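Structure assessment
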Amino acid sequence: MLHTVNKSPFGSNSLETCLKMATSGSTVLLIEDGVYAALKDSSVAETIAQAMGTVTIAALAPDLAARGVADKVMDGIKLVDYSGFVDLVCETDKTTAWL
Amino acid sequence: MSDEMMDEGGTIKKFAYINRKAPYGTIYALESLEVVLIGAAFEQDVSLFFLDDGVFQLTKGQKTDGIGMKNFSPTYRALEMYDVEKLYVSEEALAARGLTADDLLVDVEVVADSEIAGMLDEQDVVLSF
Amino acid sequence: MKLAIQVNEGPYTHQAADTAYKFVEAALEKGHEIYRIFFYHDGVNNGTRLTTPPQDDRNIVARWSALAEKHNIDLVICVAAAQRRGIADADEAKRNSKDADNIAPGFRISGLGQLIEAGIQSDRLVVFGD
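Residues numbered from 1 in each chain as written. Chains lettered and ligands numbered in written order. Predicted model: local features only at pLDDT ≥ 70, side-chain atom pairs only at ≥ 80, totals over all residues. Heavy atoms only, no water.

1. Some points on the sheet that holds strand β3 (residues 56-60) of chain A
Either a parallel or an antiparallel arrangement is found when strands of a sheet pair, and the pairing is made through backbone hydrogen bonds. Residues and elements named next belong to chain A. The test is simple: At least two DSSP bridges between two strands are needed for those strands to be called paired. Elements are defined by DSSP. Helices are runs of H or I of four residues or more, strands are runs of E of two residues or more, and each kind is numbered from the N terminus. Axis definition: a line fitted to C-alpha atoms, limited for helices to the stretch in contact. Angles are taken between N-to-C directions and run from 0 to 180 degrees.
Read from one edge to the other, the open sheet built from five strands follows the order β4-β3-β2-β1-β5, with strand pairing classed as parallel. Across the chains shown, the open sheet's two edge strands, defined by having one partner strand only, are β4 (78-80) and β5 (95-98). Here the strands of the sheet are splayed against their neighbours by 25 degrees on average, with no regard to which way each runs.

Structure follows, in structure tokens:
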């Protein structure tokens, strides 16, 4: 399954709930304000790093760039553009949005 | 697939409704319920999941006179008549909010998040509100 | 692949309509079919032709209309959500005795069944909201 998270982890529990619901082998795509969860040295970096053990974490590069944080992304996060977003939707059996 | 699942030659998909928002503060809960009611006519395999603040949609004793809005919570009790019978509530979300199943106005299955994760994996279409 | 899209938020306040648009554009470029885009909640506000953004900003509504015309995409606005928020086509305006309609070209108003049907008929449903 593909999960999308569009909320900053610093103001919402969408990411937290998403990671609880994301079973092994699924992909979590951070979009819109959700991309702030990709920042290295942040208070959620450890959570993300742990999640990477079982799920793929991806982030929408245009959203990172727009927010001026493209060069602050932690290692191991897969960066995609909108075309890559479409591919993720098609490669997985369904998409769940954590709004 | 049983005969029942093949009626009118239509596809039966597993539809999940994820409710994570409290009622009244925003319209999502009400309009999600409206989708469930209309969707029932399509005779799909429907499950409703109440996670995070979504569990507040189901609390007993809602009285909305004072805020000038319609109390739509009785509708959850009517879902059974629409053959929408699979209501799952996150055990952790309830506990975190100081609630138990006794505080809810309709019969639900209280399930651990880890179990809900597995149930979501089995769905075909997930609608988020 | 056949993709269905649900947009839950109106233009400008939330990024949802922008992300949905960019996603749809990319999907079309890759040769996928957009079965339907269903506008729900405040998402119905994506379909008012009275939108007048500043000239140096994107026109989200016009952008949907142009996309629909170019690729023959079914843009559906939920009738119940639209009535609450004052989005009407000519029929709706007449039925509810309104003095005007405001629906943008390429959009149509229909019932929630269109969302469920899109979920049934498409290979994937992707929700954009807030």
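We are not done yet, so read on.
2. A short note on the interface of chain C and chain B
Quick reminder of the rule: The contact definition used throughout considers only heavy atoms, calling two residues in contact when any of these lie within 4.5 Å. The term buried area means the drop in 1.4 Å probe accessible area that two parts suffer when joined, counted for both and summed. We define a salt bridge as a side-chain nitrogen of Lys or Arg found within 4 Å of a carboxyl oxygen belonging to Asp or Glu. Two N or O atoms form a polar contact when they lie within 3.5 Å of each other; inside protein one atom must be a possible hydrogen donor and the other a possible acceptor, and for residues adjacent in sequence the pair counts only when both atoms belong to side chains.
Contacts between the two partners involve 20 residues from chain C and, on the opposite side, 21 residues from chain B. Summed over both partners, the interface of chain C with chain B comes to about 1600 Å²; 61% of that surface belongs to carbon and sulfur atoms. Between the two partners, chain C and chain B, sit three salt bridges. R85(C) serves as the salt-bridge partner of E31(B), at 3.0 Å between the closest nitrogen and oxygen. There are 11 residue pairs in polar contact (both at pLDDT 80 or more) connecting chain C and chain B.

3. Observations concerning the interface of chain C and chain A
The following threshold applies: In this classification, the charged set is Asp, Glu, Lys and Arg, the nonpolar set is Ala, Val, Leu, Ile, Met, Phe, Trp, Tyr, Cys and Pro, and all remaining amino acids, among them Gly, are polar.
Taken together, the 19 residues of chain C in the interface contact 19 residues of chain A. Summed over both sides, the interface between chain C and chain A buries roughly 1600 Å², with carbon and sulfur atoms accounting for 63% of that surface. Across the chain C-chain A interface, the total number found is two salt bridges. For the pair chain C and chain A, the interface holds nine residue pairs in polar contact (both at pLDDT 80 or more). Here the side of chain C that touches chain A takes six residues from helix α1 (residues 16-29) of chain C, the largest share from any one element. Of the residues that constitute the side of chain C that touches chain A, the class distribution is 10 nonpolar, five polar and four charged.

4. Some thoughts on the pattern of salt bridges
Under the convention used in this document: For every residue, the accessible area (1.4 Å probe, protein chains only) is compared with the maximum for its type, and the residue is labelled buried under 20%, exposed over 50%, or partly exposed between those bounds.
Considering all chains together, one arrives at 23 salt bridges over all chains under this definition. Measuring nitrogen to oxygen at the nearest pair gives 3.4 Å for the salt bridge that ties D113(B) to K20(A). Taken as a pair, D113(B) in helix α4 (residues 113-121) and K20(A) in helix α1 (residues 14-21) lie in two separate chains rather than in one. Residue D45(B) is joined to K86(B) by a salt bridge in which the shortest nitrogen-to-oxygen separation is 2.6 Å. A residue pair is termed long-range when its members are at least 10 positions apart, and D45(B) in strand β2 (residues 45-50) and K86(B) in strand β3 (residues 86-90) qualify at 41 residues. Residue D45(B) is classed as buried on the basis of its relative accessible area of 16%.

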